[in-house]
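The primary structure of each chain is shown beneath.
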Amino acid sequence: MNSTILGTGSYVPNRVLTNADLESMVETSDAWIAERTGIRERRLVESGQACSDLALEAAQRALTTANVNASDLDLILLATCTGDNPLPSTACLLQNRLGATRAAACDISAACCGFVYALSIADAYVKTGMRYVLVIGSEVMSAITDWTDRNTCVLFGDGAGAVVLGPGSHDAGILSTHLHANGRLSDMIQVPGGGSKAPGSKEILDNKQCFIKMKGNETFKIAVKSMEEAAHEAVTANGVTMSEIDVFIPHQANMRILKAVSQRLGLPQEKLMINLDKFGNTSAASIPLALDEAVISQRIKTGDLVLLAAFGAGLTWASALVRW
Ligand code: UT7
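To start, this report covers the structure provided alongside it.

What counts, and at which threshold
Residues numbered from 1 in each chain as written. Predicted model: local features only at pLDDT ≥ 70, side-chain atom pairs only at ≥ 80, totals over all residues. Heavy atoms only, no water. Helix = DSSP H or I, 4+ residues; strand = E, 2+ residues; numbered from the N terminus. Rg over C-alpha atoms; globule rule 2.2 N^0.38 Å. Buried < 20%, exposed > 50% of the residue type's maximum accessible area, 1.4 Å probe, protein only. Contact = heavy atoms within 4.5 Å. Areas by Shrake-Rupley, 256 points an atom, 1.4 Å probe, with all protein chains shown as cover. Axes fitted to C-alpha atoms, helices over the stretch in contact; angles between N-to-C directions. Parallel < 35°, antiparallel > 145°, perpendicular 65-115°, else oblique. Left-handed = near helix turned anticlockwise from the far one by under 90°. Nonpolar A, V, L, I, M, F, W, Y, C, P; charged D, E, K, R; others polar. Near = heavy atom within 4 Å. Polar contact = N/O pair within 3.5 Å; in protein donor to acceptor, adjacent residues only side chain to side chain. Domains from an automatic or database assignment. Core = buried A, V, L, I, M, F, W, Y, C linked by side-chain atoms within 4.5 Å. Lys, Arg positive; Asp, Glu negative; His and termini not counted. Salt bridge = Lys/Arg side-chain N within 4 Å of Asp/Glu carboxyl O. Pairing = 2+ DSSP bridges.

**Some remarks on the overall build of the chain**
In terms of regular secondary structure, the chain is built from eleven helices and 13 strands. Computed over the C-alpha atoms, the radius of gyration of the chain is 18 Å, within 12% of the 20 Å expected from 2.2 N^0.38 for a compact globule of 324 residues. With the C-alpha coordinates aligned to their principal axes, the bounding extent of the chain is approximately 55 × 45 × 35 Å. Split into buried and exposed, the 324 residues of the chain put 56% on the buried side. For the chain, restricting intrachain contacts to residue pairs at least 6 apart in sequence, the fraction spanning at least 24 positions comes to 76%. By element, 50% of the accessible surface of the chain is carried by carbon and sulfur atoms, the whole surface being about 13,400 Å².

Okay, structure coming up:
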């Protein structure tokens, strides 16, 4: 028996930061950002709003569409690299706010791949007898963004997406997940300070070591290759062909990456789900945010074959194939 996605939900904060707004913050232009990334605007939290606040909204919506009570959840897995605090896990804060008193809860740290990693773990538990697992990707990327660095600040946004996973049938649900990592390339995307190696201090802050640093151009090339590889792995493992994929939902990092991957896979543009023009790169939230939009807009229909592919810091890359 497969595990199946019983419901989806998402949430983005109200505050919009447009490319035009960024023109007054760093030396950039709407034209450069739109052409090089495909992003036109992104959402940012209001002061005081944290990862758990976004996660709560997305989770409540997913529970409602799944018709599952929070008190029936067995496990909460929250993928994030921008949790409310280093301790306790944001998943535990969420567990309390949802009233999910029976649920075990922990955070999953796999950067932009976090949601697919968490989905894979949840899938394994449901397949082996657990009933309801809440899987969330929630990020406040604005908290780790250096708003004076034009190489990164134009890319990221805040948001959350969630799914409720439960028992399904033999021929529908999560058909497979594939996870990968290569720690040799850990310096491609990193936040060098603020952890146990270089704990938060005035010096760390002054040197902007608590913000995200990325070797954008090198990362770009590896992202295309890795997501292509993970997508092929998913279809091969299930004995289907790429032409049978109905909806492709890749991690929303850069429009040129998404188009290059779909082209290499031979997937036409109409099968590619894109919403990064509105939300930017929301890291672990990007796939569930796009998935929920695809469900709400009825781009995904019962029986569809949905391919998820992610790539991110670590480096990590992953895929999942879902029969809706
Ligand atoms: O989610 C995790 C995975 N992340 C990714 O997959 C991100 C992958 N990388 C990318 O999306 C792209 O590499 C970027 C959007 C970050 C950069 O695009 P690029 O086409 O790779 O540009 P580049 O870094 O090669 O820079 C080209 C030029 C440089 O100027 P010079 O040195 O040629 O004079 C940059 O300084 O563009 C300049 N530039 C900018 N110009 C205007 C870089 N950022 C900006 C900016 N506005 N915001």
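**Considerations on the packing of helix H3 (residues 51-66) against helix H4 (residues 90-98)**
The N-to-C vectors of H3 and H4 enclose an angle of 50 degrees; their axes lie 10 Å apart at closest approach. Taken together, the axes of H3 and H4 lie oblique to each other. Judged by the sense of rotation from one axis to the other, the crossing of H3 with H4 is right-handed. Listed contacts from H4 to Cys 51, Ser 52, Asp 53, Ala 55, Leu 56, Ala 59, Gln 60 and Leu 63 of H3 are Thr 90, Leu 93, Leu 94, Arg 97 and Leu 98. Of the residues that constitute the contact of H3 with H4, the class distribution is eight nonpolar, three polar and two charged.

**Re the site of the ligand**
Neighbouring the ligand are 24 residues; Thr 28, Arg 36, Asn 217, Asn 254 and Asn 281 lie closest to it. Thr 28 places a polar side-chain atom, nitrogen or oxygen, 2.7 Å from a nitrogen atom of the ligand. Within the side chain of Arg 36, one N or O atom sits 2.8 Å away from an oxygen atom of the ligand. A total of 950 Å² of accessible area belongs to the ligand in isolation, and the protein chains cover 74% of it. Broken down by secondary-structure element, the contributors of at least two residues to the shell around the ligand are helix H2 (30-37), helix H6 (150-153), helix H8 (216-237) and helix H9 (255-265). Considering each element in turn, the shell around the ligand owes the most residues, five residues, to H8. For the shell around the ligand, the domains that each give at least three residues are domain 1 (3-170) and domain 2 (175-323).

**A word on the nonpolar core**
If you look at the biggest cluster of nonpolar residues, it comprises 44 residues, and the most contacted ones within it are Met 242, Ile 245, Phe 248, Ile 257 and Leu 307. Mapped onto this core, the elements with two or more residues apiece are H8, H9, strand E12 (305-312) and strand E13 (316-323). The biggest single contributor to this core is H8, with eight residues. Built from parts of two domains, this core gets at least three residues from each of domain 1 (3-170) and domain 2 (175-323). Setting aside chain neighbours within four positions, we find Met 242 in contact with Ala 231, His 232, Val 235, Leu 265, Leu 267 and Leu 307.

**Overview of the side chain of Asp 292**
Relative to the assigned elements, Asp 292 resides in helix H11 (residues 286-296). Despite being buried, Asp 292 has no salt bridge partner; Arg 61 is the closest side chain of opposite charge, sitting 6.3 Å away. Ignoring any residue separated from it by four or fewer positions in sequence, one finds Asp 292 in contact with Thr 8, Gly 9 and Ser 10.

**Notes on the environment of Met 242**
Position of Met 242 relative to the elements: it lies in the loop between H8 and strand E11 (247-250). Between the C-alpha atoms of Met 242 and Leu 54, which are 188 residues apart in sequence, the distance is 34 Å.

**Notes on the packing of H8 against H9**
Contact geometry for H8 and H9: axes closest at 9 Å, N-to-C directions at 40 degrees. By the angle class used here, H8 and H9 are oblique. The two elements H8 and H9 meet at a crossing, and its hand is right-handed. In contact with Phe 220, Ala 223, Val 224, Lys 225, Met 227, Glu 228, Ala 231 and His 232 of H8, H9 contributes Arg 256, Ile 257, Ala 260, Val 261, Arg 264 and Leu 265. Of the residues that constitute the contact of H8 with H9, the class distribution is nine nonpolar, one polar and four charged.

**A look at the sheet that holds E13**
Sheet strands line up and pair through hydrogen bonds in the backbone, either parallel or antiparallel. If you walk across this open sheet you meet the four strands as E8-E13-E12-E11, and the pairing is mixed. Two strands lie at the open edges of the sheet, namely strand E8 (173-181) and E11, each paired on one side alone. Between one strand axis and the next, the sheet turns through 10 degrees on average, direction left out of account. Direction of pairing for E12 relative to E13: antiparallel, over a ladder of eight bridges.

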